[in-house]
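A structural walkthrough
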Amino acid sequence: MNKKNVAIILELIPIVSVIVTFVLIFSPINAERIQWLTGTTTILALFGFVFFIVGRILAREEKVVRILGIFDWISMVAIVGLYVLAIFSFGL
């Protein structure tokens, strides 16, 4: 595998994680394993900036990596926004 493919895979992890996180948070399923999976995908989505930095180091000039990097930042902001909204709605 070359560096470009590894960078693209690393850049896709937070994007997929944020989608899975939102699906699991808003689903009616409330099992202990699902809560563990939700926590794990949330953490992966929060580390979007780390995956962005690693992807940029591996494939600096690739346009796909730049675009996916923007989506990494958006995924991180979406998760932070969700938790800020939850804090304000519960008044903690």
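In case you missed it, the structure is sitting above this.
Turning to the overall build of the chain, a few remarks are in order. Regarding its fold elements, the chain presents four helices and zero strands. Beginning at the N terminus, the succession of helices and strands in the chain can be written as α-α-α-α. With 92 residues in all, the chain has 29% of them scored as buried. Nonlocal contacts in the chain, meaning residues at least 24 apart in sequence, comprise 76% of its contacts between residues at least 6 apart. Total accessible area computed for the chain in this model is approximately 6300 Å², and 75% of it derives from carbon and sulfur atoms. In the chain, which carries 7 positive and 5 negative side-chain charges, the distance between the mean positions of the two groups comes to 6 Å.

Let us now look at the environment of Ala7. Checked against the element boundaries, Ala7 lands in helix α1 (residues 3-25). In the structure, Ala7 is positioned 62 residues away from Gly69 in sequence and 9.9 Å away in space, judged by C-alpha atoms. If we ignore the near neighbours within four places in the chain, the residues touching Ala7 are Gly55, Leu58, Ala59 and Val65.

The next point concerns the packing of α1 against helix α4 (residues 63-90). It is at 9 Å that the axes of α1 and α4 come closest, and there the two elements cross at 30 degrees. By the angle between their axes, α1 is roughly parallel relative to α4. Where α1 crosses over α4, the handedness of that crossing is left-handed. Across the interface between the two elements, Ala7, Ile8, Glu11, Leu12, Pro14, Ile15, Val18, Thr21, Phe22 and Ile25 of α1 pack against Val64, Val65, Leu68, Gly69, Phe71, Asp72, Ser75, Ala78, Ile79, Leu82 and Tyr83 of α4. Here the contact of α1 with α4 is composed, by residue class, of 16 nonpolar, three polar and two charged.

This paragraph deals with the packing of aromatic side chains. Inspection of every chain in the model, using the stated rule, returns three aromatic pairs. Ring geometry for Phe22 and Phe26: centres 6.1 Å apart, planes at 10 degrees, overall stacked. Judged by relative accessible area, Phe22 falls into the partly exposed class, the value being 27%. A relative accessible area of 60% places Phe26 in the exposed class. Chaining the aromatic ring pairs together yields one cluster made of Phe49, Phe52 and Trp73.

About the cut-offs
Residues numbered from 1 in each chain as written. Predicted model: local features only at pLDDT ≥ 70, side-chain atom pairs only at ≥ 80, totals over all residues. Heavy atoms only, no water. Helix = DSSP H or I, 4+ residues; strand = E, 2+ residues; numbered from the N terminus. Buried < 20%, exposed > 50% of the residue type's maximum accessible area, 1.4 Å probe, protein only. Contact = heavy atoms within 4.5 Å. Areas by Shrake-Rupley, 256 points an atom, 1.4 Å probe, with all protein chains shown as cover. Lys, Arg positive; Asp, Glu negative; His and termini not counted. Charge placed at Lys NZ, Arg CZ, Asp CG, Glu CD. Axes fitted to C-alpha atoms, helices over the stretch in contact; angles between N-to-C directions. Parallel < 35°, antiparallel > 145°, perpendicular 65-115°, else oblique. Left-handed = near helix turned anticlockwise from the far one by under 90°. Nonpolar A, V, L, I, M, F, W, Y, C, P; charged D, E, K, R; others polar. Phe/Tyr/Trp six-rings, centres within 6.5 Å; stacked < 30°, edge-to-face > 60°.

Don't take any of this as a statement about function, it's just geometry.
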